[in-house]
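The primary structure of each chain is shown beneath.
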There are 2 protein chains.
Amino acid sequence: MQIALPDFDRMFGALADQTRRDIVRRAIDAEEGIAELAGHYPMSFAAVQKHVAILERAGLVTKQRIGRRKVVRTNLDGLRVARRLLDRYEELWRGRVDRMTELVAEGKGTDQ
Amino acid sequence: MQIALPDFDRMFGALADQTRRDIVRRAIDAEEGIAELAGHYPMSFAAVQKHVAILERAGLVTKQRIGRRKVVRTNLDGLRVARRLLDRYEELWRGRVDRMTELVAEGKGTDQ
DNA sequence: GCATGAAACAACCATACGGTTGTATCACGG
DNA sequence: CCGTGATACAACCGTATGGTTGTTTCATGC
C-alpha cells in the first residue's frame with residue numbers, strides 16, 4: 001500500500017460548501033459525533049453523514065470510535081495540503097514579478 | 001456600491017476542477033487570451049470560456065482587453081482570501097492545542 | 001467600412017450533487 | 001443476549017454542473 005496522493009478536486013470540492021466548512025471548523029475540537037454535529041444544521045442526520053463522508057474522502061477529517069459514537073476530527077495535514085497549493089500559486093506570482101523587475105532593471109542598465 | 005464579500009462556495013468550487021486550476025496557474029503570467037488558453041485543453045473554446053467565467057465570478061481571475069483578445073490574469077487577492085480561510089483553521093487548531101497544553105500544565109501543577 | 005478574429009450568449013444533454021426517507025448494521029449497556 | 005442508540009447504506013428526486021453546437025455581438029486591421 002502506498003499513501004494516497006492529494007486529490008485537489010475532492011479537497012476543494014469538499015470545501016466549496018458552507019455546511020462542510022462549518023463541520024471542519026467544529027471538528028477541530030474533535031468533541032462531537034455525527035448525530036451531535038447534525039443537531040447544528042437544518043437538515044437530516046443522513047445529509048450530515050454524507051457531508052462528513054465527503055470530507056473524509058477528501059482527507060480533511062477522520063472518524064474515531066469513542067463509546068458508541070464516532071467522533072469527527074479535522075485532519076490538519078489535509079488542510080495544509082490544500083493551503084500549500086495556494087501558497088505555490090503565490091510563489092509563482094512572486095517569481096513572475098521578480099522576472100519583470102529584472103527585465104526592467106536590465107532595461108535601465110543598458111539605457112544609462 | 002460596496003465591495004463584494006468573499007463567496008467561499010464559489011471560490012473553492014472554482015478551484016475544485018483541474019482545468020480551472022491550470023488556467024489559474026497559466027494566467028499568473030497574464031499572457032494568453034481565452035482562445036489561446038483553450039488550445040491547451042481537450043475541449044471546446046466555449047467550455048474554456050465557461051471555466052474562465054466561473055473563475056471570474058469567484059474573484060480568482062480578471063479579464064483585460066488587449067487588441068482583439070481578452071487576456072486572462074490571475075487575481076492574487078482572490079487567492080489570498082481563500083488561503084486566509086485555511087490559515088484561520090490552522091490558527092484555531094493551534095489555539096485548541098494550546099488550550100490542551102494549558103490544561104495538562106495546570107494538572108501537573110496542582111498534582112505536585 | 002467591412003471582413004474577420006475573438007469573445008459572448010443560448011439551448012440542449014448527460015451526469016454529479018445535495019437533499020430526502022427507509023432499511024440494515026454495529027457495538028455498547030443493562 | 002438482546003434492546004437500543006449511533007452509524008451506515010440504498011433508492012430516489014430536483015437542480016446544478018460540465019460539456020456540446022450554433023448563433024450573435026464586438027472591435028480591430030486592412
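Residues numbered from 1 in each chain as written. Chains lettered and ligands numbered in written order. Predicted model: local features only at pLDDT ≥ 70, side-chain atom pairs only at ≥ 80, totals over all residues. Heavy atoms only, no water.

Engineer: Can you help me understand the protein's contact with DNA strand D in this one?
Structural biologist: Around DNA strand D, a shell composed of 21 residues is seen, among which Ala-35 of chain A together with Ser-44, Lys-50, His-51 and Arg-68 of chain B lie nearest. In DNA strand D, atoms within 4 Å of the protein come 62% from sugar and phosphate. In the environment of DNA strand D, a phosphate oxygen lies 2.8 Å from a nitrogen or oxygen atom belonging to the backbone of Ala-35 of chain A. Contact distances for DNA strand D include 2.3 Å between a base oxygen and a side-chain N or O atom of Lys-50 of chain B. Taken together, the elements giving at least two residues each to the surface near DNA strand D come down to α3 (34-38), α4 (45-57) and β2 (69-74) of chain A together with α4 (45-57) of chain B. In terms of residue count, α4 of chain B provides more of the surface near DNA strand D than any other element does, 5 residues in total. Among the residues forming the surface near DNA strand D, the class breakdown is 7 nonpolar, 5 polar and 9 charged. (Near = heavy atom within 4 Å. Polar contact = N/O pair within 3.5 Å; in protein donor to acceptor, adjacent residues only side chain to side chain. Helix = DSSP H or I, 4+ residues; strand = E, 2+ residues; numbered from the N terminus. Nonpolar A, V, L, I, M, F, W, Y, C, P; charged D, E, K, R; others polar.)

Engineer: Got a minute to help me understand the packing of helix α2 (residues 18-27) of chain B against α4 of chain B in this structure?
Structural biologist: To describe two helices that pack against each other, one gives the angle between their axes and the distance between the axes. Residues and elements named next belong to chain B. Where α2 meets α4, the axes come as close as 10 Å, and the angle between the chain directions of the two elements is 70°. Taken together, the axis directions place α2 and α4 in an arrangement best described as roughly perpendicular. From α2, Thr-19, Arg-20, Ile-23 and Val-24 reach across to α4, where they touch Val-48, His-51, Val-52, Ile-54 and Leu-55. Residue composition of the contact of α2 with α4, by class: 6 nonpolar, 2 polar and 1 charged. (Axes fitted to C-alpha atoms, helices over the stretch in contact; angles between N-to-C directions. Parallel < 35°, antiparallel > 145°, perpendicular 65-115°, else oblique. Contact = heavy atoms within 4.5 Å.)

Engineer: Would you mind showing me how to read the relation of the copies chain B and chain A here?
Structural biologist: Turning one copy of the chain about an axis and sliding it along that axis gives the other copy, so a rotation and a shift relate them. Least-squares fitting of chain B to chain A yields an RMSD of 0.0 Å, with the transformation described by 0.0 Å of translation along the axis and a rotation of 180°. This pairing of chains is accounted for by a two-fold axis. When you check the interface residues of chain B against chain A, 100% turn up at the interface there too, and the contact is symmetric in its surfaces. (Least-squares fit on C-alpha atoms with pLDDT ≥ 70 in both.)

Engineer: When you look at helix α1 (residues 8-15) of chain A in this model, what are you seeing that I'm missing?
Structural biologist: In an α-helix, one full turn covers 3.6 residues, which means residues spaced three or four apart are oriented alike. Residues and elements named next belong to chain A. Of the positions making up α1, those classed as buried are Phe-8, Met-11, Phe-12, Ala-14 and Leu-15. The buried residues of α1 all sit within an arc of 155° when viewed along its axis, so they share a single face. One side-chain oxygen at the N-terminal end of α1 lies 3.1 Å from the backbone nitrogen of Asp-9; it belongs to Asp-7. (Buried < 20%, exposed > 50% of the residue type's maximum accessible area, 1.4 Å probe, protein only. Arc of directions from axis to C-beta.)

Engineer: Explain the protein's contact with DNA strand C to me, please; I cannot follow it from the model alone.
Structural biologist: Taken together, 21 residues lie around DNA strand C, and Ser-44, Lys-50, His-51 and Arg-68 of chain A together with Gln-49 of chain B are the ones closest in. Looking at DNA strand C alone, sugar and phosphate atoms form 63% of those within 4 Å of the protein. One nitrogen or oxygen atom from the side chain of Ser-44 of chain A is found 2.6 Å from a phosphate oxygen belonging to DNA strand C. Elements supplying a minimum of two residues to the surface near DNA strand C: α4 of chain A together with α3 (34-38), α4 and β2 (69-74) of chain B.

Engineer: I'm lost on the interface of chain B and chain A in this one. Help?
Structural biologist: In this complex, chain B contributes 29 residues to the contact, which on the side of chain A involves 29 residues. Ranking the residues of chain B by area buried against chain A places Ile-28, Tyr-89 and Trp-93 of chain B at the top, with a combined share of 24%. Viewed at the interface, chain A and chain B are joined by 8 salt bridges. A salt bridge links Glu-90 of chain A to Arg-83 of chain B; the nearest nitrogen and oxygen atoms lie 3.2 Å apart. Linking chain B with chain A are 13 residue pairs in polar contact (both at pLDDT 80 or more), by the criterion used here. Put simply, the parts of the chain that give the side of chain B that touches chain A at least two residues each are α1 (8-15), α2, β2 and α5 (76-111) of chain B. (Buried area = accessible area lost by both parts, 1.4 Å probe. Salt bridge = Lys/Arg side-chain N within 4 Å of Asp/Glu carboxyl O.)

Engineer: Before we go on, may I ask you to explain the pairing of strand β1 (residues 61-66) of chain B in this structure?
Structural biologist: As a general feature of sheets, a regular strand has side chains that alternate between the two faces. All names here are of chain B. Taken together, the 6 bridges between β1 and β2 define a ladder with antiparallel strand orientation. By the bridge assignment, Thr-62 is partnered in β2 with Arg-73. Between β1 and β2, which follow one another and run antiparallel, lie 2 residues, and Gly-67 among them has a positive phi close to 65°. (Pairing = 2+ DSSP bridges.)

Engineer: Can you help me understand the packing of aromatic side chains in this one?
Structural biologist: How two aromatic rings sit relative to each other is given by the distance of their centres and the angle of their planes. If you walk through the whole model with that rule in mind, you get 3 aromatic pairs over all chains. With a centroid separation of 6.2 Å and an interplanar angle of 25°, the aromatic rings of Phe-8 of chain A and Phe-12 of chain A are classed as stacked. Of this pair, Phe-8 of chain A and Phe-12 of chain A are both found in helix α1, 4 residues apart, which corresponds to roughly one turn of the helix. By way of ring pairs, the aromatic residues Phe-8 and Phe-12 of chain A together with Phe-8 and Phe-12 of chain B are connected into one cluster. Between the NZ or CZ atom of Arg-96 of chain B and the centre of the ring of Trp-93 of chain B, over which it lies, the distance is 5.1 Å. (Phe/Tyr/Trp six-rings, centres within 6.5 Å; stacked < 30°, edge-to-face > 60°. Lys NZ or Arg CZ within 6 Å of the ring centre and 35° of its normal.)

Bear in mind that shape data such as this cannot, by itself, settle questions of function.
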